[in-house]
Amino acid sequence: MNVRPTSQVTDDVVELRPHTAASLDPLLRWKNDIEIQRLSDDETNTFTRAEVAATLERWMRPSEDIVHLAIGLAGRAEPIGFLHLALIERAHRRCRLGIVIGEKDLWGHGYGRRAVAQAVDHAFGVLDLDRITAEVFADNKRSVRLLEGAGFVHEGVMRESIHRDGQRIDEVIFGLLRHEWTRGQK
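Reading the values: rules and limits
- Residues numbered from 1 in each chain as written.
- Predicted model: local features only at pLDDT ≥ 70, side-chain atom pairs only at ≥ 80, totals over all residues.
- Heavy atoms only, no water.
- Helix = DSSP H or I, 4+ residues; strand = E, 2+ residues; numbered from the N terminus.
- Rg over C-alpha atoms; globule rule 2.2 N^0.38 Å.
- Buried < 20%, exposed > 50% of the residue type's maximum accessible area, 1.4 Å probe, protein only.
- Contact = heavy atoms within 4.5 Å.
- Salt bridge = Lys/Arg side-chain N within 4 Å of Asp/Glu carboxyl O.
- Pairing = 2+ DSSP bridges.
- Polar contact = N/O pair within 3.5 Å; in protein donor to acceptor, adjacent residues only side chain to side chain.
- Phe/Tyr/Trp six-rings, centres within 6.5 Å; stacked < 30°, edge-to-face > 60°.
- Axes fitted to C-alpha atoms, helices over the stretch in contact; angles between N-to-C directions.
- Left-handed = near helix turned anticlockwise from the far one by under 90°.

Caption draft 1: Representation of the overall build of the protein within the structure. When its secondary structure is counted, the protein shows six helices and eight strands. Ordered by position in the sequence, the α and β elements of the protein form the string β-β-α-α-α-β-β-β-α-β-α-β-β-α. Relative to the compact-globule value of 16 Å for 186 residues, the protein shows a C-alpha radius of gyration of 16 Å, a close match. The 186 residues of the protein split such that 45% are buried. Contacts in the protein between residues at least 24 apart in sequence constitute 63% of all its contacts with a sequence separation of at least 6.

Caption draft 2: Representation of the pattern of salt bridges within the structure. Inspection of every chain in the model, using the stated rule, returns 15 salt bridges. For E103, the salt bridge goes to R29, with nearest N and O atoms at 2.3 Å. Taken together, the residues E103 in the loop between β5 (94-101) and α4 (111-126) and R29 in helix α1 (residues 24-31) connect sequence positions 74 residues apart. The buried category is assigned to E103, whose relative accessible area is 12%. Judged by relative accessible area, which is 41%, R29 ranks as partly exposed. Of the charged contacts in the structure, one is a salt bridge between D130 and R93, with a shortest N-O distance of 3.2 Å. Remark: R93 occurs in the loop between β4 (81-89) and β5 and D130 occurs in the loop between α4 and β6 (131-137); sequence separation between them is 37 residues. Residue classification places D130 among the partly exposed positions, given a relative accessible area of 30%. Each member of the salt-bridge network shares a partner with another, and the members are R93, D128, D130 and R178.

Caption draft 3: Geometry of the pairing of strand β8 (residues 167-177). In this structure, β6 lies alongside β8, joined through seven bridges in antiparallel fashion. Bridging from a neighbouring strand, F137 pairs with E171 of β8. Sheet topology places strand β7 (residues 153-164) next to β8; eight bridges connect them, and they run antiparallel. The partner of I162 across the bridge, within β8, is I169. Once β7 ends, the chain turns through two residues before running back antiparallel as β8, passing D165 with a positive phi of about 55°.

Caption draft 4: Seen up close, the side chain of D33. Its place among the elements puts D33 in the loop between α1 and α2 (34-40). In this structure the side chain of D33 is engaged in a polar contact, spanning 3.0 Å, whose partner is the backbone nitrogen of I36.

Caption draft 5: Just the packing of aromatic side chains, in detail. Under the definition given, this model contains two aromatic pairs. Arranged with centres 6.2 Å apart and planes meeting at 25°, the rings of W30 and F82 form a pair that is stacked. One end of the pair, W30, is in helix α1; the other, F82, is in strand β4, with 52 residues separating them in the sequence. Grouping residues by exposure puts W30 and F82 together as buried. When the ring of W59 is compared with that of F82, the centres are 5.0 Å apart and the planes differ by 45°; the resulting orientation is tilted. Of this pair, W59 sits in helix α3 (residues 49-60) while F82 sits in strand β4, and the two are 23 residues apart along the sequence. Look at W59 and you get buried, because its relative accessible area is 7%.

Caption draft 6: Broad picture of the packing of α1 against α3. Where α1 contacts α3, the two axes come as close as 10 Å, and the packing angle between them is 120°. The way α1 lies across α3 gives a crossing that is right-handed. Residues L24, D25, L27, L28 and K31 of α1 lie in contact with α3, whose contacting residues are R49, V52, A53, L56 and W59.

Caption draft 7: Structural view of the environment of I99. Examined against the element boundaries, I99 turns out to sit in strand β5. In sequence terms I99 and A77 are 22 residues apart; their C-alpha atoms lie 19 Å from each other. Not counting chain neighbours up to four residues away, the residues in contact with I99 comprise I71, F82, L83, G112, A115, V116 and L146.

Okay, structure coming up:
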């Protein structure tokens, strides 16, 4: 069964759509951006074009347990970011959400909020899941605000979860339940 949407989802300006070859150059830039890595990855690394192309190729293949999508703007071929619904567990009807707005000049414009809302609609409406979890580094204040604004509930902290620059960084765990989302939509 293919869990990727067969058509793009739109919200006036923001579009969640399957990745295409147009994702490669932006993804290569974002994957090698230290600031983006520090906000979203456990480690900072340098990635070659071939490595990112292989990642993109994997992201473009249908999968039972993960949905990779580009975040686009209407009328713009290149994506502005990406998100995934990962670790989809059908038996428990749950998944994890991850999002990156890679174009830094577009941070703070509400595109991440719209993309998360569409992803949540897809997870609950199309994939028929009941729970979405998201984990963010405690020092990533933008992501914390994004999830709180999208209705996610702070559920806990994984204390000193990662080691970065000689410091231990906490990860904050958020969750959203289908009935909470449905109630909030009324």
